[in-house]
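Below, each chain spelled out in residue letters.
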Amino acid sequence: MAAADDLCAMCVLVGDEPAGGWVLVEQEWAACVLPGFEVPGWLVVIALRHVESLADLDDEQQRSLGLVLARLSGGIRSVLGAEKVYLLSFGENHPHLHLMLMSRMPDLAEEYRGPEIVKARERLLNVEAAYEAAAALRELLR
Ligand SMILES: [Zn+2]
């Protein structure tokens, strides 16, 4: 039991095909729908190797992260018609570098824009639509 608790949840996640499939796996990064955050256009971008923060990335990882984030953000905008694509990274629950890209759709109520979007998670959850969006993004970025 103790051994399972010691496993890094993000290392476990990148070690297997996630529900909804990988949207992108390249260079040092993988992106997919994060369990519990199945909102269309919300993706987690995870470092394939266990690193704890942006400050720990080497030069190549820094460069490739920029490219990956830009491609995914552009994809989310064009596939879903998102007005904004937010980027969050806290690292509080899982000490393995991961970043959330979050679509902010044109019809999202004003009160949920900006940091408040986190509070809209439950009302925006739509597993089927999130996986469909992931598939469309995977196709676009192929
Ligand atoms: Zn890890």
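Just so we're clear, the structure is a prediction, and the values are computed from it rather than from any experiment.

Draft legend 1. Expanded view of the sheet that holds strand β5 (residues 98–104). Strands sit in the order β1-β2-β3-β5-β4 across an open sheet of 5 strands; the sheet is antiparallel. On the outer flanks of this sheet lie β1 (22–26) and β4 (84–88), each paired with one strand and no other. Ignoring which end each strand starts from, the neighbouring axes of this sheet average 15 degrees apart. By the bridge criterion, 5 bridges tie strand β3 (residues 42–47) to β5 in an arrangement that is antiparallel. Following the sheet pairing, V45 is matched in β5 by L99. Taken strand by strand, helix α5 (residues 127–141) contacts β1 and β3, and its axis lies near 35 degrees from that of β1.

Draft legend 2. Layout of the coordination of the zinc ion. Around the zinc ion, the protein contributes the donor atoms C8 (SG), C11 (SG), H50 (ND1) and H96 (ND1), at 2.0 to 2.3 Å from the metal centre. Relative to the metal, the 4 donor atoms surrounding the zinc ion lie at angles of 101 to 115 degrees, and the coordination shape comes out tetrahedral. Look at where the donors of the zinc ion fall in the sequence and you get C-x2-C-x38-H-x45-H. In this pair, C8 is assigned in the loop between α1 (2–6) and α2 (9–14) and H50 in the loop between β3 and α3 (59–80), connecting sequence segments 42 residues apart.

Draft legend 3. View of the side chain of Q61. Assignment of secondary structure puts Q61 in helix α3. Once you skip the residues sitting within four places of it in the chain, Q61 turns out to touch E28, W29, R49, V51 and D56.

Draft legend 4. Quick peek at the layout of surface pockets. Computed from the structure, the largest pocket encloses a volume of approximately 350 Å³. Of all the elements, β5 adds the most residues to the lining of the largest pocket, at 4 residues.

Draft legend 5. Structural detail: the pattern of salt bridges. Enumeration over the complete set of coordinates arrives at 9 salt bridges. The shortest N-O distance in the salt bridge between E28 and R49 comes to 3.4 Å. Within this pair, whereas E28 is found in the loop between β1 and β2 (29–32), its partner R49 is found in the loop between β3 and α3, the two being separated by 21 residues in sequence. According to the relative accessible area criterion, R49 is partly exposed, its value standing at 42%.

Draft legend 6. Focus on the packing of aromatic side chains. Applying the stated criterion across every chain, the model contains 0 aromatic pairs. The cationic tip of R121 hangs over the ring face of F37; the distance from NZ or CZ to the ring centre is 5.1 Å.

Criteria and cut-off values
- Residues numbered from 1 in each chain as written.
- Predicted model: local features only at pLDDT ≥ 70, side-chain atom pairs only at ≥ 80, totals over all residues.
- Heavy atoms only, no water.
- Pairing = 2+ DSSP bridges.
- Helix = DSSP H or I, 4+ residues; strand = E, 2+ residues; numbered from the N terminus.
- Axes fitted to C-alpha atoms, helices over the stretch in contact; angles between N-to-C directions.
- Contact = heavy atoms within 4.5 Å.
- Donors = N, O, S within 2.8 Å, 3.2 Å for Na, K, Ca; no water.
- Tetrahedral: all angles 85-135°; square planar, octahedral: opposite > 155°, others 65-115°.
- 1 Å grid on protein atoms, 1.4 Å probe; cavity = no way out; pocket = protein on both sides within 12 Å on 5 of 7 lines; lining within 4 Å.
- Points joined across faces, edges and corners; volume = space filled by probe spheres on them.
- Salt bridge = Lys/Arg side-chain N within 4 Å of Asp/Glu carboxyl O.
- Buried < 20%, exposed > 50% of the residue type's maximum accessible area, 1.4 Å probe, protein only.
- Phe/Tyr/Trp six-rings, centres within 6.5 Å; stacked < 30°, edge-to-face > 60°.
- Lys NZ or Arg CZ within 6 Å of the ring centre and 35° of its normal.

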